[in-house]
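So the chains spell out like this:
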Amino acid sequence: MIGIDLKNKTALVCGSTAGIGKAIAENMARAGANIILCARNEEKLKKQIKILEKLGEGVHHYVVANFEDNVSVSAAAILAADQYKPNILVNNTGGPPPGKAHEANSIQYVEAFKLHLINNHILATALIPTMKKQKWGRIINIISTSVKVPLDNLGVSNTIRGAVGNWSKTMANELAQFGITVNNILPGATATERLTAIIENKSIKANVSTKEIEQEMLEEIPAGRFGLPDEVGTTACFLASDLAAYINGTNVVVDGGRTPVL
C-alpha cells in the first residue's frame, strides 16, 4: 500500500493551534515530519507541542508570531529559517470578518491584504533559499473555495483570497525549476470556529436561528455534511509528499462537492 511519508522533512505550519492548521500539523506529525508550529499564543503552542510529541517520531518546535503585525511574522520566519531549515511551508490564517464588498472601507482591504498575501510572501521568501539549496520544497496555501466562486457576504475575503490564488500560481511557475511546488487547498464549509462565527453572523443578519442557517448551508453541499479539519489535513500531507511531486500551481477543492465546475 502506498503511504504518505514525511520523515526527514520539516514543516512550518501557520495558525497551528486550532482548526485546520492544528489538523495539518498533527497529520504531518503522524506522517513523520518535524513540525514548527506558528501562532500568537505561546501557551497554546506549548500545549500543542506536547500533543505532537505523542503522534510521531519527529522533533517539534514553535515560533511566536502575531499575524496582524508583518514585522512579527518576519521575525518568526527568519528565526524558523535560520534555526530549523523548514522545507515545507503551510500558509494558513483566519479569514477577514464577514460583510459585503461595497460596504467595506479601504482600511479593511489593506489590512486583509497584509494579513494574507503579504504574510504569505514574507514566510515564503524566508524559506525559499533553504528549499532551493535542498532542491526540494513545498508551499501549501490554505485559501477558500471563493478563489473559484465568490461567497455571499464575504466581500473582503473573496477579494483577498483571489489575490493570494494568483500570487500562488505565479510563484509555482517561477519555482518549479528548483524542485519546489506551490499549491492551494480550498476548503469548503469546515467545522471550525470560523464556520461557527459565519453561521452566527448570518443568523443575526437574517433574524433566524443558527439551526436554520446551518440547514440552508448543508443543503448546498452534495455530501450533506460539513467538512472535518482532518480531511484538509490529510490533503495537505499528500501535497507535501513526494507522491505529489508533479502537482504544481493548482487548486485542490475540499468541499464535499459544493463548488460548481466553471
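As a reminder, the structure under discussion sits directly above these lines.
Structure report, in brief.

Criteria and thresholds
Residues numbered from 1 in each chain as written. Predicted model: local features only at pLDDT ≥ 70, side-chain atom pairs only at ≥ 80, totals over all residues. Heavy atoms only, no water. Salt bridge = Lys/Arg side-chain N within 4 Å of Asp/Glu carboxyl O. Helix = DSSP H or I, 4+ residues; strand = E, 2+ residues; numbered from the N terminus. Patch = residues over 30% accessible without salt bridge, like charges linked within 9 Å, V, L, I, M, F, W, Y side chains within 5 Å. Areas by Shrake-Rupley, 256 points an atom, 1.4 Å probe, with all protein chains shown as cover. Lys, Arg positive; Asp, Glu negative; His and termini not counted. Charge placed at Lys NZ, Arg CZ, Asp CG, Glu CD. Buried < 20%, exposed > 50% of the residue type's maximum accessible area, 1.4 Å probe, protein only. Expected span 1.5 Å × (residues − 1). Contact = heavy atoms within 4.5 Å.

The next point concerns the pattern of salt bridges. Tallied over the full model, the rule gives six salt bridges. Its salt-bridge partner being E111, residue K114 comes within 3.6 Å of it at the nearest N-O pair. Note that K114 and E111 are positioned in helix α4 (residues 106–134) at a spacing of three residues, about one turn of the helix.

Okay, a negative patch on the surface next. A contiguous patch of negative charge, built from D152, E212, E216, E219 and E220, is present on the exposed surface. Here E219 shows up in helix α7 (residues 210–219). Here E219 falls in the exposed class, since its relative accessible area comes to 60%.

Another point: helix α8 (residues 229–240). With 12 residues, α8 should cover 16 Å at 1.5 Å per step; its first-to-last C-alpha distance of 17 Å lies within 8% of that length. Taken residue by residue, α8 has P229, V232, G233, T235, A236, C237, L239 and A240 as its buried positions. Looking at the packing, one finds that the buried side of α8 touches α1 (19–30), β4 (88–91), β5 (137–142), β6 (180–187) and β7 (251–254).

Time to look at α1. The end-to-end C-alpha distance of α1 is 17 Å, a good match for the 16 Å that 12 residues give at a rise of 1.5 Å each. In terms of burial, α1 is a largely internal element, nine of the 12 residues being buried. All of the buried residues along α1 are I20, G21, A23, I24, A25, E26, N27, M28 and A29. Of the residues trailing α1, G32 is marked for its positive phi of about 105°.

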